[in-house]
Amino acid sequence: QVQLEESGGGLVQAGGSLKISCAASGRTASLPFNTYVMGWFRQAPGKERQFVVTITGSGRSAYYTDSVRGRFTISRDNAKNTAHLQMNSLKPEDTAVYYCALRRRHERYNEYYTLQEEYDYWGQGTQVTVSS
């Protein structure tokens, strides 16, 4: 069973920064980590879970939702089976539970995965709260 564990969430003032991380373990060890697309989603109170960003298996390319583009940066370290989300210039509307996701199925060329249904494993989430 693949397990994903997020860390690094917390409380930050508007305009501040946080870096959250995702560590993969379990069956991911049987294949090179660059086999898997990774993504981050978030869910604000009373709202549906929404796409934030996805990164290709190689880490060469990423796609961001419009509201975070230019403020958030995703990265991955395939040697350590980890992914990270650096969040800068945080706004109160960024407040949400942030979820790390992994796609087990092989990546298709020239395609980004932005839907929850396109991912197979999820972390438990980490709370990010941005105060005014």
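Residues numbered from 1 in each chain as written. Predicted model: local features only at pLDDT ≥ 70, side-chain atom pairs only at ≥ 80, totals over all residues. Heavy atoms only, no water.

1. Description of the overall build of the protein chain
Of regular secondary structure, the protein chain possesses zero helices and eleven strands. Reading the protein chain from its N end, one meets helices and strands in the order β-β-β-β-β-β-β-β-β-β-β. Taking 132 residues into account, the globule formula puts the C-alpha radius of gyration at 14 Å, and the protein chain, at 14 Å, falls close to it. With the C-alpha coordinates aligned to their principal axes, the bounding extent of the protein chain is approximately 45 × 30 × 25 Å. Here the protein chain holds 132 residues, and the buried ones make up 44% of them. Considering only intrachain contacts with a sequence separation of at least 6, the fraction spanning at least 24 residues in the protein chain is 59%. Of the roughly 7,000 Å² of accessible surface on the protein chain, 45% is carried by carbon and sulfur atoms. (Helix = DSSP H or I, 4+ residues; strand = E, 2+ residues; numbered from the N terminus. Rg over C-alpha atoms; globule rule 2.2 N^0.38 Å. Buried < 20%, exposed > 50% of the residue type's maximum accessible area, 1.4 Å probe, protein only. Contact = heavy atoms within 4.5 Å. Areas by Shrake-Rupley, 256 points an atom, 1.4 Å probe, with all protein chains shown as cover.)

2. Concerning the nonpolar core
Within the largest apolar cluster, 29 residues are counted, with the highest numbers of intra-cluster contacts made by L4, M38, W40, F72, L85, M87 and Y98. Going through the elements one at a time, β3 (18–25), β4 (37–43), β5 (50–55), β7 (72–77), β8 (82–87), β9 (96–103) and β11 (126–131) are the ones with two or more residues in this core. Among residues more than four places away in sequence, those in contact with F72 are R42, V52, Y64, L85, Q86, M87, N88, L90, D94 and Y98. Grouped together as the second largest cluster of nonpolar side chains are six residues, F41, F51, A101 and Y119 included. (Core = buried A, V, L, I, M, F, W, Y, C linked by side-chain atoms within 4.5 Å.)

3. Considerations on the sheet that holds β8
Within a beta sheet, neighbouring strands are joined by backbone hydrogen bonds and run either parallel or antiparallel to one another. Ordered by their spatial adjacency, four strands build an open sheet running β1-β3-β8-β7, and the pairing between neighbours is antiparallel. Here the strands that pair on one side only, and so sit at the sheet edges, are β1 (3–7) and β7. When the angles between neighbouring strand axes are averaged without regard to direction, this sheet yields 15 degrees. Bridging between β7 and β8 involves six bridges; their strand directions are antiparallel. (Pairing = 2+ DSSP bridges. Axes fitted to C-alpha atoms, helices over the stretch in contact; angles between N-to-C directions.)

4. Let's talk about the packing of aromatic side chains
Note on aromatic pairs: each is described by the distance of the centres and the angle between the planes. On inspection of all chains with the given rule, the structure shows seven aromatic pairs. When the ring of F41 is compared with that of Y119, the centres are 5.4 Å apart and the planes differ by 80 degrees; the resulting orientation is edge-to-face. Of the two residues, F41 sits in strand β4 while Y119 sits in the loop between β9 and β10 (121–122), which places them 78 residues apart along the sequence. Residue classification places F41 among the buried residues on the basis of a relative accessible area of 1%. Here the aromatic residues F41, F51, Y63, Y112, Y119 and W122 are joined through ring pairs into a cluster of three or more. Note that R103 overlies the ring of Y113, its terminal NZ or CZ placed 4.0 Å from the centroid. (Phe/Tyr/Trp six-rings, centres within 6.5 Å; stacked < 30°, edge-to-face > 60°. Lys NZ or Arg CZ within 6 Å of the ring centre and 35° of its normal.)

Taken by themselves, the reported measurements are silent on function.
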